Amino acid sequence: MLYREAGDFKTSYSLDNQTFPLKLDRIVFYLTLAVAFLVVPLVINDYWASAILVPFLIYAIAAIGLNILTGYCGQVSLGTGGFMAVGAYACYKLMTAFPDVSILLHIVGAGFVTMVVCTVFGLPSLRIKGFYLAVATLAAQFFLVWLFNKVPWFYNNNASGQISAPERTVFGVPLTGPNTEAWAMYLVCLTFCVASAFIARNLTRGSLGRRWMAIRDMDIAAEIIGVNPLTAKLSAFALSGFFVGISGALFFSVYLGAAEVGESFGIDKSFLVLFMIIIGGLGSIFGCFAGAAFLVVLPVVLKFIGVDILGWAPDLVAHLRLVIVGGLIMFFLIKEPHGLAQLWRVMKEKLRLWPFPH
Amino acid sequence: MPASLLYGVEVLINGLMAGVLYALVALGFVLIYKASGIFNYAQGVMALFAAMTLSGIMEGDIPFSHLINAMFGTQLHSFGWNVPAIAAILLTVVVMALLAWLVQRLVFRHLVGQEPIILFMATIGLAYFLEGIGDLMWGSEIRTLDLALPQGASLAIENATAVLGGDDFYGFFIDKLDVVATMVAAILVAALIAFSQYTKYGRAMRAVADDHQAALSVGISLNFIWVLVWTLAGIVALVAGIMWGAKSGVQFSLSLIALKALPVLMLGGFTSIPGAIVGGLIIGMGEQLFEYTIGGPFLGGATENWFAYMLALVVLIFRPQGLFGERIIERV
Amino acid sequence: MMNAVADTQASSVGYTTADGRDIGEVILDLRNITLRFGGVEAIKDISFDIQEGEIRAIIGPNGAGKSSMLNVISGFYVPQEGEVWFRGKPRPPLKPYQVAQQGIARTFQNIALFEGMSVLDNVMTGRLGKMRRGILAQALWVGPARKEEVHNREAVERIIDFLEIQAIRKTPVSRLPYGLKKRVELARALAAEPNLLLLDEPMAGMNVEEKEDMSRFILDVNDEFGTTIALIEHDMGVVMDLSDRVVVMDYGRKIGDGTPDVVRNDQVVIDAYLGVSHD
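Reading the values: the criteria
Residues numbered from 1 in each chain as written. Chains lettered and ligands numbered in written order. Predicted model: local features only at pLDDT ≥ 70, side-chain atom pairs only at ≥ 80, totals over all residues. Helix = DSSP H or I, 4+ residues; strand = E, 2+ residues; numbered from the N terminus. Buried ≥ 20, exposed ≤ 12 C-beta atoms within 10 Å, placed from the backbone. Contact = placed C-beta atoms within 7 Å. Rg over C-alpha atoms; globule rule 2.2 N^0.38 Å. pLDDT = per-residue confidence, 0-100. Pairing = 2+ DSSP bridges. Axes fitted to C-alpha atoms, helices over the stretch in contact; angles between N-to-C directions. Parallel < 35°, antiparallel > 145°, perpendicular 65-115°, else oblique. Left-handed = near helix turned anticlockwise from the far one by under 90°. Nonpolar A, V, L, I, M, F, W, Y, C, P; charged D, E, K, R; others polar. Expected span 1.5 Å × (residues − 1). Arc of directions from axis to C-beta. Bend = angle between axes of the 7 residues up to and from the residue.

Q: How should I be thinking about the overall build of chain B in this particular structure?
A: When helices and strands are tallied, chain B shows 13 helices and 0 strands. The helix and strand sequence of chain B, counted from the amino end, reads α-α-α-α-α-α-α-α-α-α-α-α-α. A burial count over chain B gives 45% of its 332 residues as buried. In chain B, of all internal contacts separated by at least 6 residues, the share reaching a separation of at least 24 is 72%.

Q: Looking at this model, I keep getting lost on the overall build of chain A. Mind explaining?
A: For chain A, the helix and strand inventory stands at 15 helices and 4 strands. A compact globule built from 358 residues should have a C-alpha radius of gyration of about 21 Å, and chain A, at 21 Å, falls within 12% of that. C-alpha atoms of chain A, sized along the principal axes, occupy 65 × 55 × 45 Å. Evaluated residue by residue, chain A yields a buried proportion of 51% over its 358 residues. Taking the contacts inside chain A whose residues are at least 6 apart along the sequence as the reference set, 76% of them involve residues at least 24 apart.

Q: Help me understand the confidence of the model for chain B in this model?
A: All names here are of chain B. Mean pLDDT for chain B: 80, with 88% of residues reaching 70 or above. When mean pLDDT is taken per element in chain B, helix α4 (residues 85-107) scores highest with 89 and helix α6 (residues 155-162) scores lowest with 68. Both scores are available for the predicted complex, with the pTM at 0.88 and the ipTM at 0.86.

Q: Honestly, the sheet that holds strand β9 (residues 196-200) of chain C in this entry has me stumped. Any pointers?
A: Neighbouring strands of a sheet are bound in pairs by backbone hydrogen bonds; such pairs are parallel or else antiparallel. Residues and elements named next belong to chain C. Reading across from one edge, β8-β9-β10-β5-β11-β12 is the order of the 6 strands in this open sheet, with mixed pairing throughout. Each edge of the open sheet carries a strand with a single partner, namely β8 (104-106) and β12 (253-258). Along the sheet, successive strands turn relative to each other by an average axial angle of 15°, direction set aside. Looking at chain direction, β9 and strand β10 (residues 228-232) are connected through 5 bridges and run parallel. Considered in β10, the bridge of leucine 197 is made with isoleucine 229. Against the sheet, helix α10 (residues 267-274) makes contact with β11 (245-250) and β12, and its axis sits at roughly 125° relative to β12, the strand it touches most.

Q: When you look at the sheet that holds strand β7 (residues 89-90) of chain C in this model, what are you seeing that I'm missing?
A: Residue and element names in this part refer to chain C. Here 4 strands make up an open sheet; going across it, the order is β4-β3-β6-β7 and the pairing antiparallel. At either end of the open sheet lies a strand with only one pairing partner, and these are β4 (40-51) and β7. Across 5 bridges, the pairing between strand β3 (residues 26-37) and strand β6 (residues 81-86) is antiparallel. From the neighbouring strand, leucine 30 faces β6, where its bridge partner is valine 84. In the packing of helix α1 (residues 66-73) onto the sheet, contacts are made with β3, β4 and β6, and the angle to β3 comes to roughly 120°.

Q: Would you explain the packing of helix α12 (residues 273-299) of chain B against helix α13 (residues 307-318) of chain B in this entry?
A: Helices that pack against each other are described as a pair by the angle of their axes relative to one another and the distance between those axes. All names here are of chain B. Running from N to C, α12 and α13 point in directions that differ by 115°, and their axes come no closer than 9 Å. On the basis of their axis angle, the class for α12 and α13 is roughly perpendicular. For the element pair α12 and α13, the recorded crossing hand is right-handed. Where α12 abuts α13, its residues Ile283, Gly286, Glu287 and Phe290 lie against Phe307, Ala308 and Leu311. Partitioned by chemical class, the residues of the contact of α12 with α13 number 5 nonpolar, 1 polar and 1 charged.

Q: Explain the pairing of β6(C) here, please?
A: On a regular strand, each side chain points to the face opposite its neighbour's, so the side chains alternate between the two faces of the sheet. Residues and elements named next belong to chain C. As judged from the 2 bridges shared by β6 and β7, these two strands associate in the antiparallel manner. By the bridge assignment, phenylalanine 86 is partnered in β7 with lysine 89. With antiparallel pairing between neighbouring strands as the criterion, β6 and β7 make up a hairpin whose turn holds 2 residues, including arginine 87 at a positive phi of roughly 50°.

Q: How do you make sense of helix α7 (residues 208-225) of chain C when you look at a structure like this?
A: Side chains three or four residues apart in an α-helix point the same way, a direct result of the helix having 3.6 residues per turn. Residues and elements named next belong to chain C. Compared with the 26 Å implied by 1.5 Å per residue over 18 residues, the 25 Å span of α7 between its first and last C-alpha is a close match. Listed in full, the buried residues belonging to α7 are Met214, Ile218 and Val221. Along the axis of α7, the buried residues cluster in a sector spanning 60°; they form a single face. Away from the buried face of α7 by more than 90 degrees, exposed residues Val208, Glu209, Arg216, Asp220, Asp223 and Glu224 are located. Tucked into the core, α7 has its buried residues touching α6 (178-191), β9, β10 and α8 (236-242).

Q: Is there a simple way to explain the interface of chain A and chain B in this structure?
A: Accessible area lost upon the coming together of the parts serves often as the stated size of an interface. With 36 residues of chain A at the contact, the number on the chain B side is 43 residues. Listed by contribution, the elements that provide at least two residues to the side of chain A that touches chain B are α6 (130-150), α9 (219-224), α12 (267-280) and α14 (314-335) of chain A. Looking at the side of chain A that touches chain B element by element, the count peaks at 13 residues for α14(A). Tallied by class, the residues present in the side of chain A that touches chain B amount to 29 nonpolar, 4 polar and 3 charged.

Q: What should I look at first to understand the packing of helix α2 (residues 43-58) of chain B against helix α10 (residues 222-248) of chain B in this one?
A: Residue and element names in this part refer to chain B. Running from amino to carboxyl end, α2 crosses α10 at an angle of 70°, the nearest separation of the two axes being 7 Å. Taken together, the axes of α2 and α10 are roughly perpendicular relative to one another. As α2 packs across α10, the resulting crossing turns out to be right-handed. Side by side, α2 and α10 meet where Gln43, Met46, Ala47, Leu48, Ala50, Ala51 and Leu54 of the first sit next to Ala233, Gly234, Ala237, Leu238, Ala240, Gly241, Ile242, Trp244 and Gly245 of the second. Partitioning the contact of α2 with α10 into residue classes produces 12 nonpolar, 4 polar and no charged.

Q: I would appreciate a short explanation of unusual backbone geometry in the present structure.
A: A negative phi holds for most residues other than glycine; trans holds for most peptide bonds. The phi angle at A:Phe171 is positive, at roughly 50°, despite the residue not being glycine. Along the chain, A:Phe171 turns up in the loop between β2 (169-170) and β3 (173-174). The exposed category is assigned to A:Phe171, around which 7 C-beta atoms lie within 10 Å. Here C:Arg87, not a glycine, exhibits a phi torsion of approximately 50°, which is positive. The topology assignment puts C:Arg87 in the loop between β6 and β7.

Q: Any chance you could explain helix α2 (residues 23-43) of chain A here in plain terms?
A: All names here are of chain A. Counted at 1.5 Å a residue, the expected span for α2 with its 21 residues is 30 Å, and the 29 Å between its end C-alpha atoms agrees. Roughly 35° is the biggest bend found in α2, and it falls at alanine 36. Burial runs low along α2: only 0 of the 21 residues are buried.

Q: Any chance you could explain the environment of C:Val78 here in plain terms?
A: Looking at the secondary structure, you find C:Val78 in the loop between α1 and β6. The exposed category is assigned to C:Val78, around which 12 C-beta atoms lie within 10 Å.

Q: Help me out: how do you make sense of the environment of C:Ala272 in this one?
A: Note on placement: C:Ala272 falls in helix α10. For C:Ala272, a count of 21 C-beta atoms within 10 Å gives the class buried.

See below:
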């Protein structure tokens, strides 16, 4: 039988606790990974890489980061754009200060720098809750953008005020700079993305994840049963910052190549990533991918239909996009506050019982 | 008095005027939050939308003309008439009331009882939606709003105060529009307070703010009250939009003042109308003064981008309930 | 400095109950606790102790300050006056999570489960104090972290068996009926393997059968694990049957303390519950 637990016996608690309890799910998952790593790089072209796949992977990492903080630990952050900027500028400074060190290490290093910054801005969460905290994170967003604009050290005093990524190679293959090929860009992002998802999944199913969720669901009760709110909240901020920082570093160095802080990492980015996890599903790693895919693909599709097929003006289509995205957010919150991930879960549940309705 | 100090006072007064506008937007937040517990992020976009609608109606533009033209290949732009300001304002109020009804009917009625943070996120969605609709209806180019409000420096004030300083001081430079804005804001606040204290609906509004269940049990229609507060918030947004629009044109940046209203609320508390006003004034003055004394000379300027948030953050760390809120006693 | 009302068995050496269980030394001793909220005194100069292995009930009319008392014990409220002695030493003002780490677990009057998680995850949160693997090991899900998870899962499964909630293991808590939620909350508290278990109205809102089940679980917990239990309850029948000693509170004061028989016949307690004519 397809898609059944029958015959797939769990004989230990660790088997019972795995990510994909169903055999078919596991097969599909490994097949997807194999295709993503082995087939896609062979057939990918510039358009697919730069319009869809690379931004999708990078936003998925950012969404994982924000979802740890907001979806799992319940601390709403509107500072994602600012933290991505920290990742980007940290990566730029590391790249230019240590040109001989591998770019991969710089990206991870940028993650650690962002981790520290994010933890510092997480400190108020010990006193401030709910909306108040959400607004307080705006302080991070605006302050960081202002800082990277005003202090020339961050952009190495260059006249344009922009940062641009010099060429860096791994095994002789350029990963940054103008000569980067689509498949290389894609593969490096894919690797970081899969690693991030793996780590995030493990953290969220273990004891740390339970601490976060306990704080999210009822912080006072969590503290009384023994969760230290200080370490739980700050660890969520730290790990969230780590992933968001990596996504910011990739976004700047591999994807954009050059960035201006207000334009690339403004408040819009904060909202975009927040929308991804709302639409995808708060507290779900799968949701991060679903939400990122949805909001990356939607504008491309709308532009394709509106501009290329109907021949409408691009700004008209852009306005329609705002209406559709805003409308969808409200629609999702009304119909399914748990997002695409929940729809997917319900669908799988139905499939498991098919053809019986209950 | 030395001239630099006097210029500092001038900066303070101008900050006060900016604060009035923040307070106006914050007032819209407070109205909705008190009655329904919804933290309406879209308040700023409502101000933008209201100003766009007002300008569009006055100039006789056809709503959605770009979309219609694109869909049917027509060349519609304008009805070819100009609507007088008063009539246009009344029409805009009707539009805002309609919007309030739609928002309540289509969105928030289905979200009753949801967690506050879900409601907040829904209003972010609403903000995007409204921004898009506004652009679709009236186009996205910067619009002017010509209501013949007095503008430019007030010579009377300048001349009257010139004597305060020495030769380096030419009197306070204060925009007449700011003076008008302050007066309008004061009238609006007085009217709102009178409405909520002395009318039947005002009392019902306060009852709902106090206790939903109790209000329901004495026969107040929650739905009606919610539409009412959204309408009032729409009117407040219109006033804020007119003032800001007259000052710097009707454009997207207008919706960003909504963001400034957030720290105002954090200082003043989400439920207090006087708190919103005092908070607005503090933020308005504080950011101008900080820019004038520290930000501009030592930090490279543009500190008003973040000063308000940082101030609110610091205050909240020491007083998590805001400046005017009551102490929070947590229970299990 | 003892309270005016006599502590009938205020010996620190222990005693033997009517059904033959040996009660040990004092584990928790509350001395002259006073708690104020602004101008309101919720608890006025209350002293009583809890001895190892006993079931201690706190009763009293609504608003008597019983829940506040539990909140003082779990460190959620810090009393303005008085001391909490734990295992023979005065306890400094601790944060609630530190109190939990000392082996004091509790349930809540209005169920405080984590609604977004499954029953299993909720009960697993009870073990958080015992899970110490670092972030790195958890992130990579390598040997030690995985072993720790499985080890704790086994302990939790024993509790789940004990409380007979195997069938709902993977159900989200938000879908459970009230009675089962109460049981899951008890499971979460038990998972911490506490020395002292505080139960805030464990049987409120239950029907007779559910109450019988819950009483059985409480007695079994005390009997099998030797857990000391302090509970607040309104159902007098249940209190008199279950508990070894009873504290009676009224308007924030202690008005009685002793075995169920003593308390039942105390004139002050009877007046507080049935009312008294003032003439």
